[in-house]
Amino acid sequence: MISLKNILDRRLIVCVGCGGVGKTTTAAALALTAAREGRRVAVITFDPAKRLKDALGLDDLSVDPQPVMIEGGASFDALALDTKRTWDSLVERFAGSREAAERILTNRLYQELSNELAGSAEYMAMEKLHELAHLGTYDLLIVDTPPSSHARDLLHAPNRLLGLLATRAVSLLRSPASLLSGIESTAARTLLAGLLKGLERWSGLELMRDLSDFVGGFEHMIEGFAKRAEEVNRLLRSRRTAFLLVTTAEPYTVETTIGFHRDLSDGGFTVAGIIANRVLTFPPLAGVPESVARWEKGLQKKLLRNYEELRALSARDEAMMRRLSEATGAPLLGSIAAVTEPPTSIAALQKFATQLRST
Amino acid sequence: MATATQLVFVTGKGGVGKTTMAAALGLHAAGEGQRVLIVETAGDGSLAQLFGKQQLAPKPSRMRPQLDAVRVDARQLVEQYFSEMLRFRWLSDRLLSSSTFNALTAAAPGITEFLLLDRILGWVEPGVLRRKPYDLVIVDGPATGHALKLLRTPRNLATMVPGGPLGRTARRLLGLLGNRLQTQVVLVGLAEEMVIRETIETHTAIAGDLALRVARPVINRVLPHHFTAAQVALIEGGPAHPLLEAARFSAAVRREADRHVGTLRRALGVTPILVRQVFAERVGIDDLGPIGRSLSRVVLNGSTETA
């Protein structure tokens, strides 16, 4: 039977789950637990909201690992991914020459893409993961993934990138006319040539020029991209990697978590287990204490009503946890009873970690 | 002149109840006689489930009198857009089935965001052929981080692609999103510390940096305020018993909630709308009436501004 302790012996733990389920807290608590056992740990968040810093009491979480001191002189490192800066350093490292790097960095399209448009965060998450895994500084990396559908994008980023590189899309962008060489029928060639002209008009000439510039600049970085993407792919599927599904018992969240489990399994990733946060566990009420029976009737009525309400939510939580276990077959590795305060200090995080370990 | 179609873009952290709010608002407006379309972007079928369906169709279909719903997904958007653009069916089929094209559209950042907005534009702008335009289009949007990127896409594209039809569409989208009489963003959150922080950040980013109109935030799943301060003191001093533990728990959660709502109010200078926790296994369509009523008071007042 797999336990949380087994999982902390792995090399990489990926925490997957909806936003707001305590994924970040769980990742940080696991890092704290492993660090106390003497392992060299880094916890990484890719979430643009950078919530990890809240739980860790770090105001300035950055792309460079920062030590978080815990009791007994132990510590673990924490960092947050900055998409733009990771892109830049990647370009600087792999562009081949200073001039090539400069050409890419000053490209208008590059600036927009690396900074703003959706999707690039996932590529960069993959790159950062690769960098840290090959640094050799850490025994254990704990990754807190971006919420919801973004986690899926993240996990599929290596495959998507490989898919892109495997096709001729890149050379097509570099020189759209190369599409024509593969087509034998003259009529089809003529049509396609017209289409490409139209596409250029449609997209605006400047975009095509920028795009070709951009892709051209990246051309000799492509081999490295592909190599790293493959390595991350292997790492994510390795026996020493554990995917943890973090969830609450809230119905919507449970359904989404079941979807994550399906996606991960379909993608060839192994889910080691589930951690459920904020589960309500009020049992059916067996009588009212004597002292309370003497309180005013109005208050007693409100107490009973309140209990009924929380009982309804507890029953819902129990049903949802059953549904989760039936739908996924994954073991429940930890269950945290509902707490009113999210841990925002190391001491509170410690308490959370203890509760997590004792389940 | 008929009033322009209102566009309400609902977003918030994952799992806070965006779909519930979008549906509640839509049902309420439809009940008031408006023609409403709800756009599901998540593709998880949660909106469909509220209406007792497995999945929504990729074309608007009738859910209730006056109320249509539609599902948009990335792949379908890419296919539709390019087959409309290319006209020759055999050519578009060929392009769409080529691995190069698929890898490119899946990997290129921003394409699906742009196409989603382009599709919404089609439902909002008065069409030549459409019999009767919608009065209200509600987008059950993606979670905050992604929604921000989505809302930024037109601006980025307008900068990146100054000319061509792509640039023109980007500018039309900018105009639509930026029109405060027509478009507003509804932020949904929970009275929990981290969600509140994110709500404040998102509100600032959308209302400030992007200069879009943002309605009063909606704080979902607030527990009722059962006990007076004196009663709480009595309960705190009472014996250890599940009945009193439950009361302590609710009182503490509510106290925390009030504190977080206070933080939000001070940070943004607006009072959020509190939506009460539904005590059932699942929020059903029958729970939405009161929610829709309270939302409509602040979200739909845009229609009176244009009138």
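Residues numbered from 1 in each chain as written. Chains lettered and ligands numbered in written order. Predicted model: local features only at pLDDT ≥ 70, side-chain atom pairs only at ≥ 80, totals over all residues. Heavy atoms only, no water.

**Remarks on the sheet that holds strand β8 (residues 273-276) of chain B**
Residues and elements named next belong to chain B. Here we have eight strands laid out as an open sheet, ordered β3-β4-β2-β5-β1-β6-β7-β8, and mixed in their pairing. Since the sheet does not close on itself, it has two edges, and those belong to β3 (61-64) and β8, each with one partner. Neighbour-to-neighbour, the strand axes of this sheet turn through a mean angle of 25°, independent of strand direction. Alignment of strand β1 (residues 6-12) against strand β5 (residues 136-143), held across six bridges, turns out to be parallel. By the bridge assignment for β5, G12 is matched with A143. Packing against the sheet, helix α6 (residues 111-124) makes contact with β1, β2 (36-40), β4 (67-71) and β5, and its axis sits at approximately 165° to β5. (Pairing = 2+ DSSP bridges. Helix = DSSP H or I, 4+ residues; strand = E, 2+ residues; numbered from the N terminus. Axes fitted to C-alpha atoms, helices over the stretch in contact; angles between N-to-C directions. Contact = heavy atoms within 4.5 Å.)

**Focus on helix α12 (residues 288-299) of chain B**
Its 12 residues give α12(B) an end-to-end C-alpha distance of 15 Å, which sits within 8% of 16 Å, the value for a rise of 1.5 Å per residue. Those residues of α12(B) that fall on the buried side of the exposure criterion are L288(B), I291(B), G292(B), S294(B), L295(B), S296(B), V298(B) and V299(B). (Expected span 1.5 Å × (residues − 1). Buried < 20%, exposed > 50% of the residue type's maximum accessible area, 1.4 Å probe, protein only.)

**What to know about the confidence of the model for chain A**
Averaged over chain A, the pLDDT score is 76; the fraction of residues at 70 or greater is 64%. Within chain A, helix α9 (residues 169-174) of chain A has the poorest average pLDDT of any element, 51, and helix α15 (residues 297-328) of chain A the best, 95. (pLDDT = per-residue confidence, 0-100.)

**Points about the confidence of the model for chain B**
All names here are of chain B. Taken residue by residue, chain B gives an average pLDDT of 85. The fraction at 70 or more is 87%. Segment residues 302-307: pLDDT under 50, and 11 contacts once partners within four positions in sequence are set aside and those in other chains are kept. Across the predicted assembly, pTM comes out at 0.73 and ipTM at 0.82.

**With respect to the pairing of β3(B)**
All names here are of chain B. Pairing between β3 and β4: three bridges, direction antiparallel. By the bridge assignment, R62 is partnered in β4 with D68. Linkage of β3 to β4, two consecutive antiparallel strands, is achieved through a turn of two residues, within which Q66 is found at a positive phi near 75°.

**What about α6(B)?**
Residues and elements named next belong to chain B. Spanning 14 residues, α6 covers 20 Å between terminal C-alpha atoms, matching the ideal 20 Å at 1.5 Å per step. The buried fraction of α6 is high, at 10 of 14 residues. Within the sequence span of α6, burial applies to E113, F114, L115, L116, L117, D118, I120, L121, W123 and V124.

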